[in-house]
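Chain by chain, the residues:
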Amino acid sequence: MALLEIEDIHSYYGHIHALQGVSLTVEEGEIVTLIGSNGAGKTTTLRSINGILPPREGRIVFGGEEIQGTPAHDMISRGIAQSPEGRRIFHRMTVLENLEMGAYHRNDRAGIREDMDRVFELFPRLRERIKQESGTMSGGEQQMLAIGRALMSRPKLLLLDEPSMGLAPVLVERIFDIIKDINRQGTTILLVEQNANVALEIATRGYVLETGTIVNEAPAAQLREDPKVREAYLGEI
Amino acid sequence: MATGEVTKGRSGGLLESARASSWQTRIAVAVTALLLVLLFVQAVRDPAQFFSQLVIGVTNGAIIALVALGYTLVYGIIELINFAHGDNFMIGSFVGLTVLAGTFAGIGLFSPITGDSGAFLKVVGVLLALVVAMAVCGFVNVAIERVAYKPLRNSPRLAVLITAIGMSFILQNLGLIWKGPAQVAFPELVSSANILPTDAVVFRWKDLFVLGMTVPLLLGLSYFVRNTRQGKAMRAVAQDKEAASMVGINVNRTISITFLLGGILAGASGVMFGLFNGITVFNVGFFQGLYAFTAAVLGGIGNLTGAVVGGFLIGIISSMADQYIGVEWTSIVIFSVLVLVLVFRPRGLLGDRSAVQGGGS
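Rules used throughout
- Residues numbered from 1 in each chain as written.
- Chains lettered and ligands numbered in written order.
- Predicted model: local features only at pLDDT ≥ 70, side-chain atom pairs only at ≥ 80, totals over all residues.
- Helix = DSSP H or I, 4+ residues; strand = E, 2+ residues; numbered from the N terminus.
- Rg over C-alpha atoms; globule rule 2.2 N^0.38 Å.
- Buried ≥ 20, exposed ≤ 12 C-beta atoms within 10 Å, placed from the backbone.
- Contact = placed C-beta atoms within 7 Å.
- Axes fitted to C-alpha atoms, helices over the stretch in contact; angles between N-to-C directions.
- Left-handed = near helix turned anticlockwise from the far one by under 90°.
- Nonpolar A, V, L, I, M, F, W, Y, C, P; charged D, E, K, R; others polar.
- Pairing = 2+ DSSP bridges.
- Expected span 1.5 Å × (residues − 1).
- Core = buried A, V, L, I, M, F, W, Y, C linked by C-beta atoms within 7 Å.
- pLDDT = per-residue confidence, 0-100.

Quick look at the overall build of chain A
Thinking step 1. Of regular secondary structure, chain A possesses 10 helices and 10 strands.
Thinking step 2. For 237 residues, the compact-globule estimate of 2.2 N^0.38 gives 18 Å, and chain A sits close to it at 17 Å.
Thinking step 3. Here the C-alpha coordinates of chain A stretch approximately 45 × 40 × 35 Å along the principal axes.
Thinking step 4. Classification of the 237 residues of chain A by burial places 48% in the buried group.
Thinking step 5. When contacts within chain A are restricted to residue pairs at least 6 apart in sequence, those whose partners lie at least 24 apart make up 66%.

This is the structure we're talking about:
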């Protein structure tokens, strides 16, 4: 059984029909990527999964349970964490406080400590800046913190929204290496990326989203070879 | 926001904005300096009177600061000026009065606690009045948010603001129905006798009482917001509600807790105000609320330290103006200071940060 199964969801912003029947599955241990142009509905799909924008129709099954009516703040205890688009870290709080907030719903001190050490192992830079107000850090460091904060809940499924946004190419490569590591350590990942090149490099499978519907689904290697995908998303003519 | 901006705002902000000076700034600085010098002259001429006046200012400031914190907490988290807050303060003083009278809704529970009661009974009475008023006001504040503000969370700002003003009128008129239009007297439970052996400087038991109650509340609140998990969740919600819900924080509950805290402080200050001044009246919340709101804005609304600094400043300025300029000038002086501060620092003295504890951009 798939870890996450989305069946024909429709989501709206007011009267705007943003998702028009999206279906996708994520198997345990995979990195699945959603690619598509601006406004195709990638972020909306993530917002529908994590309860911020509950779909009006359709089913979302996570770990065998329907979750489409669950409030956003309960998703984390079910095992879904997100590093949102634009990072959305708590700017006026320190790195440590941000990470503590990531473990807000947990009470097991030892476990929290362990996960914090794991985050610091993945991102040694965060340990150096532990007392720093997070809004004063660089974009790359903030991205690391956003991912670290999400990992603090020890999620089964990690939703990553545009982790490469606004970062220098060298940094993008480093962040994506770390994402691969996180996946290897056992976290399933659903990755939304504008930068289809890097996303398809680390992903197992990919979905292509266009104006609110899935138009293509294939193993990542196959998508990379697909002439249409190459033309539209990989910047080749 | 750039790094430099943040540090600038924190440290050299005041000086720097003075230095980026125009002729208006120079005049403002000169006027302030002149006033301080005049005050200093008075202080040297009659130090005893000056210090007595300072004590009054600090004590009044403490009460104002508690109310100001309620404004600033709520503004910080949902960017709403909760105009009903001052009236909740009035409700607090009425509840305290009722508890001390020992009679509620015609049912006598115990005989009234008055100035003639024994010392032990007085202490118990005061504590009971405080606790009950804090609980009631906390509850009232939470209820107001649930009933009047929460349904409008996604409406235009103005709608919520008008609702807040409406809530203020409702509470004020409930107070009018409850205790009538005239001032009501508080029993004199805390002595007005001077603690100090000399007659020159006046520091009364009353002053000690207010400070002794306020300072722990202020420290407690500061500890709560800074160090506890719930306090950190409040700051997180203030900064980014959606991100807060993504990490598992129940945003609605956190907002309720914020209103609860504000209400508790209003209740405590309502009772202290009554005991300190010996009277209360149905529209006391309007004036006291206005001062407290001014204090919050003066200090930088959304900033907790700012509310406390603003409260003490307003208290001290008004007591000094009472003594050295004339009572009829006090309000003019206070609001002139407010206007001046806002002209030069639109976000208030410590308000380099836009929202609470100081939130998003």
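A look at the packing of helix H3 (residues 95–102) of chain A against helix H6 (residues 139–151) of chain A
All names here are of chain A.
Thinking step 1. Two elements in contact, H3 and H6, have axes separated by 7 Å at closest approach and are oriented at 35 degrees. Our pair here, H3 against H6, has a crossing hand that is right-handed. Facing Val95, Asn98, Leu99, Met101 and Gly102 of H3, the residues of H6 in contact are Leu145, Gly148, Arg149 and Ala150.
Thinking step 2. Broken down by class, the residue content of the contact of H3 with H6 amounts to five nonpolar, three polar and one charged.

Thoughts on the pairing of strand E9 (residues 205–210) of chain A
Residue and element names in this part refer to chain A.
Thinking step 1. Here E9 lies mainly inside the structure; five of its six residues are buried.
Thinking step 2. Note: strand E3 (residues 31–35) against E9, four bridges, orientation parallel. Opposite Val32, over in E9, you have Arg205 as the bridge partner.
Thinking step 3. Pairing of E9 with strand E10 (residues 213–219), which is carried by six bridges, proceeds in the antiparallel orientation. Residue Leu209 lies in a different strand from E10, and its bridge partner there is Ile214.
Thinking step 4. Between E9 and E10, which follow one another and run antiparallel, lie two residues, and Thr211 among them has a positive phi close to 35 degrees.

Here's the deal with the environment of Val37 of chain B
Thinking step 1. You can see Val37 of chain B is positioned in helix H3 (residues 23–45).
Thinking step 2. A residue is classified by how many C-beta atoms lie within 10 Å of it, and Val37 of chain B, with 10 of them, is exposed.

What about the interface of chain B and chain A?
Much of the literature gives interface size as the accessible area that the parts lose upon coming together.
Thinking step 1. Between chain B and chain A, the residue contacts involve 24 residues of the former and 23 residues of the latter.
Thinking step 2. Counting only elements with at least two residues in the side of chain B that touches chain A, the list comes to helix H1 (3–10), helix H9 (229–239) and helix H10 (241–246) of chain B.
Thinking step 3. Counting residues per element, the side of chain B that touches chain A draws most heavily on H9 of chain B, which supplies six residues.

Section: helix H4 (residues 47–78) of chain B
All names here are of chain B.
Thinking step 1. Between the first and last C-alpha of H4 there are 45 Å, a value that for 32 residues agrees with the 46 Å anticipated at 1.5 Å per step.
Thinking step 2. For H4, a buried count of 25 out of 32 residues is recorded, marking the element as mostly surrounded by other parts of the structure.
Thinking step 3. Residue Glu79 follows H4 closely and has a positive phi angle near 50 degrees.

Focus: the pairing of strand E1 (residues 4–13) of chain A
Residues and elements named next belong to chain A.
Thinking step 1. The sheet contact formed by E1 and strand E4 (residues 57–62) spans five bridges and is antiparallel. Considered in E4, the bridge of Ile6 is made with Ile60.
Thinking step 2. Pairing geometry for E1 and strand E2 (residues 16–26), over eight bridges, is antiparallel. Along E2, the bridge assignment pairs His10 with Gln20.
Thinking step 3. Linking E1 back to E2 in an antiparallel pair, the connection comprises two residues, with Gly14 at a positive phi of about 60 degrees.

A look at the nonpolar core
Thinking step 1. Ala65, Ala68, Val237, Ala268 and Ala295 of chain B are the most contacted members of the largest nonpolar core, which has 163 residues in total.
Thinking step 2. Every residue in contact with Val237 of chain B, bar those within four places of it in the chain, is listed here: Ile77, Ala244, Ile249, Val251, Thr254 and Ile255 of chain B.

Looking at the confidence of the model for chain A
Thinking step 1. Summary statistics for chain A give a mean pLDDT of 94 and a share of 99% for residues scoring 70 or more.
Thinking step 2. Highest mean pLDDT in chain A belongs to strand E7 (residues 157–161) of chain A (97); lowest belongs to helix H10 (residues 227–233) of chain A (87).

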